[in-house]
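Chain by chain, the residues run as shown.
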Amino acid sequence: MTAAHIYAPVVHRPGLGATVSQVLSMAWRQMVRIKHNPFELVDLSLSPIMFLLLFVYVFGGQMAGSTSDYLQYVLGGLIAQNAIFLTMYTGTGINADLRKGVYDRFRSLPIARSAPLAGKIFADMFKQVWSIVVMLGLGLLMGFELRTVAGAFLAMLVLVVFALAISWISVLMGVVADSEEKVQIYAFVIIMPLTFTSSAFVDINTMPGFMQAWAKVNPVTHLADAMRGLLSFGPIAEPLMWTFVWAAAIFAVTAPLAMRAYRRKMV
């Protein structure tokens, strides 16, 4: 037996229960930051409010003939778009903590390596719920006709599941990018084409044929249609199924890549 074997450090891998507890502790750490800086919630409220007011009252008449009809159509799409945009904050937050050495301190603790990242993602889901409530509440004040209360809760659950999956794309960008500005640029390049070439804002049948082909398989189209069906009108089963399929596929691909990049960063 060599000296390297004798003095090699013993790595203790926490069990499932311990890992869950550590993830929740890390999530609570992020939540406490909101308590000390409540302006974060103001920032999370202003953007969705402005988007909803601008799209409905500026574009509504042109898009649907009346602002009330367009509100019924676009609210689900705007909620979907806003949720995807919010995942960008996960990547920028992780990037900032990495550059400040926060995760270097976490590495010295006897916790699962995934706990800090997963904790950040779960804490950001509170921001997702907050923004959904703000947008839906404003929509109701503007005259939105909600299908059912149960549908609203289910829509919130579906959105959180999809956001959890797509957040790993943001995590990956946050780990590999060397600045918060680059995370924002990468996210913008991905998010803008996804959201604006979907059914979030317009009927995809009005698009050119080549773009319709993409819009029909676009994950944001399925998410927006699922939101629209649960909150207002339209089919539910098929877009809901494809939303979960896309969420599972995105998670299966990006979560391992993000964890691999994170481990290499921590070496």
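Cut-offs used in this document
Residues numbered from 1 in each chain as written. Predicted model: local features only at pLDDT ≥ 70, side-chain atom pairs only at ≥ 80, totals over all residues. Heavy atoms only, no water. Phe/Tyr/Trp six-rings, centres within 6.5 Å; stacked < 30°, edge-to-face > 60°. Helix = DSSP H or I, 4+ residues; strand = E, 2+ residues; numbered from the N terminus. Buried < 20%, exposed > 50% of the residue type's maximum accessible area, 1.4 Å probe, protein only. Lys NZ or Arg CZ within 6 Å of the ring centre and 35° of its normal. UniProt positions renumbered as here; feature names shortened; annotations may be inferred. Expected span 1.5 Å × (residues − 1). Salt bridge = Lys/Arg side-chain N within 4 Å of Asp/Glu carboxyl O. Core = buried A, V, L, I, M, F, W, Y, C linked by side-chain atoms within 4.5 Å. Contact = heavy atoms within 4.5 Å.

Colleague: Please explain the packing of aromatic side chains as it appears in this structure.
Modeller: Within a pair of aromatic rings, the relevant descriptors are the distance that separates the centres and the angle that separates the planes. Counted according to the given criterion, the structure contains 5 aromatic pairs. Centroid distance Phe55 to Phe201: 4.8 Å. Interplanar angle 20°. Geometry classified as stacked. Taken together, the residues span a long stretch of sequence, with Phe55 in helix α3 (residues 39-64) and Phe201 in the loop between α8 (180-196) and α9 (209-217) at a distance of 146 residues. Of the two residues examined, Phe55 and Phe201, each falls in the buried class. Here the aromatic cluster, defined as three or more aromatic residues joined through ring pairs, consists of Phe51, Phe55, Phe59, Phe196 and Phe201. We note Arg228 situated over the ring of Tyr73; from NZ or CZ to the ring centre the distance is 3.9 Å.

Colleague: I'm lost on the UniProt feature "transmembrane region" (unreviewed entry) in the protein in this one. Help?
Modeller: The positions that UniProt labels "transmembrane region" (unreviewed entry) are, in the present scheme, residues 39-58, 70-90, 129-146, 152-176, 183-202 and 240-259. Here residues 129-146 runs as 72% helix and 0% strand, with 17 Å between its end C-alpha atoms. The span residues 183-202 carries 70% helix and 0% strand; its end-to-end C-alpha distance comes to 28 Å.

Colleague: Explain α8 here, please?
Modeller: Two residues of an α-helix separated by three or four positions point the same way, owing to the 3.6 residues in each turn. Helix length check: α8, at 17 residues, gives a terminal C-alpha distance of 24 Å against a target of 24 Å (1.5 Å per residue), a fit within 8%. Inspection of α8 places Val183, Ala187, Ile191, Leu194 and Thr195 among the buried residues, and these make up the whole buried set.

Colleague: Which parts of the structure should I look at to understand the pattern of salt bridges?
Modeller: For side chains bearing opposite charge, pairing can occur when the charged atoms are close. Inspection of every chain in the model, using the stated rule, returns 5 salt bridges. For Asp124, the salt bridge goes to Lys120, with nearest N and O atoms at 3.7 Å. Placement of the pair is Asp124 and Lys120 together in helix α6 (residues 115-141), with a separation of 4 residues, close to one helical turn. Lys120 matches Asp124 in its accessibility class, with the two residues each being buried. Salt bridges sharing partners connect three or more residues here, namely Lys120, Asp124 and Lys127.

Colleague: Could you clarify how one ought to interpret the UniProt feature "domain: ABC transmembrane type-2" (unreviewed entry) in the protein in this entry?
Modeller: UniProt's entry tags residues 39-265 with the feature "domain: ABC transmembrane type-2" (unreviewed entry), counted in the numbering of this structure. Between the C-alpha atoms that bound residues 39-265 the distance is 31 Å, and the span itself is 83% helix and 0% strand.

Colleague: Explanation requested: the nonpolar core in the structure shown.
Modeller: The tendency in soluble globular proteins is for nonpolar side chains to be buried side by side. Judged by nonpolar contacts, the single largest core of 47 residues is most densely connected at Leu52, Leu223 and Met227. Sort the elements by how many residues they give to this core and helix α4 (residues 67-100) lands first, with 12 residues. If near-sequence neighbours (up to four positions away) are discounted, Leu52 is found in contact with Leu71, Leu75, Leu78, Met135, Leu138, Gly139 and Met142. Counting residues in each nonpolar core, the second largest holds 24 residues, with Phe106, Leu117, Val160 and Val175 among its members.

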